[in-house]
Amino acid sequence: MYKIHHQETLKFEGDTFKGSISNENGVIELSREEYSFPLGLSAFFRIPVLVIDIIPYGELYLESKLINWGIKLKTSLLEFMPLSLGIEKNFGYWKASLGFGLNTRIIENSTEVSLVNKEIQNLFDINSITFKTHFALGF
């Protein structure tokens with residue numbers, strides 16, 4: 001077990017950020033960090049086929065000319081069990097996903113298990129598994 005002792009000081013002045021992080025390896029100075037909020041365009045199209053919706057989508061980030069795209073298959077069993085299957089390419093990474101959930105209109109839960117990899121031929125490597133879940137209450 002490794003322990004790193006550190007002390008962090010942050011100071012905000014108007015639109016500028018000044019701060020320092022010190023640890024046993026020395027002090028790292030941060031000053032006037034800039035963050036980019038890229039402008040993007042996105043679109044999707046829903047194609048209903050029997051009980052499945054096919055949803056291709058695309059995103060174009062104008063500043064970096066980056067294109068994200070994907071296709072999802074979505075359905076709902078008995079109107080309260082949403083299911084999805086997808087393949088996507090986002091920010092240079094391939095993603096294959098399987099989602100499932102429960103939607104009773106008052107309680108909604110969705111879970112997605114995905115495999116993510118930089119190379120499509122390594123996409124189904126079990127070491128790249130991700131998991132996310134969403135839970136909501138409401139009307």
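Above this note sits the structure.
Structural notes, computed from the coordinates. These figures come from a predicted structure and were not determined experimentally.

Scoring rules and cut-offs
- Residues numbered from 1 in each chain as written.
- Predicted model: local features only at pLDDT ≥ 70, side-chain atom pairs only at ≥ 80, totals over all residues.
- Heavy atoms only, no water.
- Phe/Tyr/Trp six-rings, centres within 6.5 Å; stacked < 30°, edge-to-face > 60°.
- Helix = DSSP H or I, 4+ residues; strand = E, 2+ residues; numbered from the N terminus.
- Buried < 20%, exposed > 50% of the residue type's maximum accessible area, 1.4 Å probe, protein only.
- Salt bridge = Lys/Arg side-chain N within 4 Å of Asp/Glu carboxyl O.
- Pairing = 2+ DSSP bridges.
- Contact = heavy atoms within 4.5 Å.

So, about the packing of aromatic side chains. On inspection of all chains with the given rule, the structure shows two aromatic pairs. The interplanar angle of 35° and the centroid separation of 5.7 Å between the aromatic rings of Tyr 61 and Phe 91 together place this pair among those described as tilted. Separated by 30 residues along the polypeptide, Tyr 61 in strand β6 (residues 52–61) and Phe 91 in the loop between β8 (81–90) and β9 (93–103) bring together distant segments of the chain. A relative accessible area of 51% means that Phe 91 is categorised as exposed.

Glancing now at the pattern of salt bridges. By the definition in use, this model includes five salt bridges. For Asp 53, the salt bridge identified is with Arg 46, shortest N-O distance 3.1 Å. Note on Arg 46: relative accessible area 47%, which makes it partly exposed. The structure contains a network of salt bridges with shared partners spanning Lys 72, Glu 88, Lys 95, Glu 112 and Lys 132.

What follows concerns the pairing of β9. Both β8 and β9 contribute to a ladder of eight bridges, which runs antiparallel. Counterpart to Leu 85 in the pairing with β9 is Leu 98. Sheet analysis places β9 next to strand β10 (residues 107–117), joined by 10 bridges and oriented antiparallel. Bridged to Ser 97 within β10 is Ser 114. Counting the residues in the hairpin turn of β9 and β10 gives three residues, including Arg 105, whose phi is positive at 75°.

Secondary-structure assignment places Val 116 in strand β10. Take Val 116: its relative accessible area is 25%, and that puts it in the partly exposed class. Leave out the neighbours within four places in its chain, and Val 116 touches Tyr 93, Trp 94, Lys 95, Leu 123, Ser 128 and Thr 130.

A word on unusual backbone geometry. Note: most residues except glycine have negative phi, and most peptide bonds are trans. The phi torsion at Phe 91 lies on the positive side, around 50°, for a residue other than glycine. Backbone geometry places Arg 105, a non-glycine residue, at a positive phi of 75°. Topologically, Arg 105 is positioned in the loop between β9 and β10. A relative accessible area of 55% means that Arg 105 is categorised as exposed.

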